[in-house]
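The residues making up each chain are set out below.
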Amino acid sequence: MFYVLIGEDAPGTLDARMAARPAHLSRLEALRDEGRLLAAGPMPAIDAADPGPAGFFGSLVIAEFDSQEEAERWLSDDPYVRQGVFAQTRVHPYKKVLP
């Protein structure tokens, strides 16, 4: 089943986000290579493709896992979580309808 994984950035963590980004992307690329990644990306804090120093509100990942518990474990081991970028995380089941 697919799950939506949402992480909301803590204030003032843009530098930590950028430092952890390569390891974060590596984990996403592994999901992609396994055919389990539907979508992933950051959510800018302002209405701009490049938010600059405003940074990001958080990140969203939609990926396939065997259970919600597995998705939660995967997210808890993410570099953004381990480096304190995310102040809050959530995982929800997701049913893809379109396209």
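Structure: see above.
Residues numbered from 1 in each chain as written. Predicted model: local features only at pLDDT ≥ 70, side-chain atom pairs only at ≥ 80, totals over all residues. Heavy atoms only, no water.

Section: the nonpolar core
Here is step 1 of the chain: Core analysis: the biggest nonpolar cluster contains 15 residues, and Y3, L5, L31, F65, A71, W74 and V91 have the highest contact counts within it.
Here is step 2 of the chain: Those residues in contact with L31, other than ones at most four positions away along the chain, are R36, L37, A63, F65 and W74. (Core = buried A, V, L, I, M, F, W, Y, C linked by side-chain atoms within 4.5 Å. Buried < 20%, exposed > 50% of the residue type's maximum accessible area, 1.4 Å probe, protein only. Contact = heavy atoms within 4.5 Å.)

What to know about helix α1 (residues 14-33)
Along an α-helix, residues three or four apart share an orientation, since each turn contains 3.6 residues.
Here is step 1 of the chain: With 20 residues, α1 should cover 28 Å at 1.5 Å per step; its first-to-last C-alpha distance of 27 Å lies within 8% of that length.
Here is step 2 of the chain: Of the residues making up α1, those classed as buried are R17, A20, H24, R27, L28 and L31.
Here is step 3 of the chain: Looking at the buried positions of α1, the neighbouring elements they touch are β1 (2-9), β2 (37-44), β3 (56-64), α2 (68-76), α3 (79-82) and β4 (86-94).
Here is step 4 of the chain: Just downstream of α1, G35 is the residue with a positive phi angle, here 75 degrees. (Helix = DSSP H or I, 4+ residues; strand = E, 2+ residues; numbered from the N terminus. Expected span 1.5 Å × (residues − 1).)

Let's talk about the sheet that holds β1
Here is step 1 of the chain: As summarised here, the arrangement of the 4 strands in space is β2-β3-β1-β4, forming an open sheet in which the pairing is antiparallel. Whereas interior strands pair on both sides, the edge strands pair on one side only; in this sheet they are β2 and β4. Here the strands of the sheet are splayed against their neighbours by 10 degrees on average, with no regard to which way each runs.
Here is step 2 of the chain: Contacting β1, β2, β3 and β4, α1 runs over the sheet at an angle of about 10 degrees to β3.
Here is step 3 of the chain: Relative to the sheet, α2 contacts β1 and β4, its axis offset from that of β4 by approximately 155 degrees. (Pairing = 2+ DSSP bridges. Axes fitted to C-alpha atoms, helices over the stretch in contact; angles between N-to-C directions.)

All we've got here are geometric facts, nothing functional implied.
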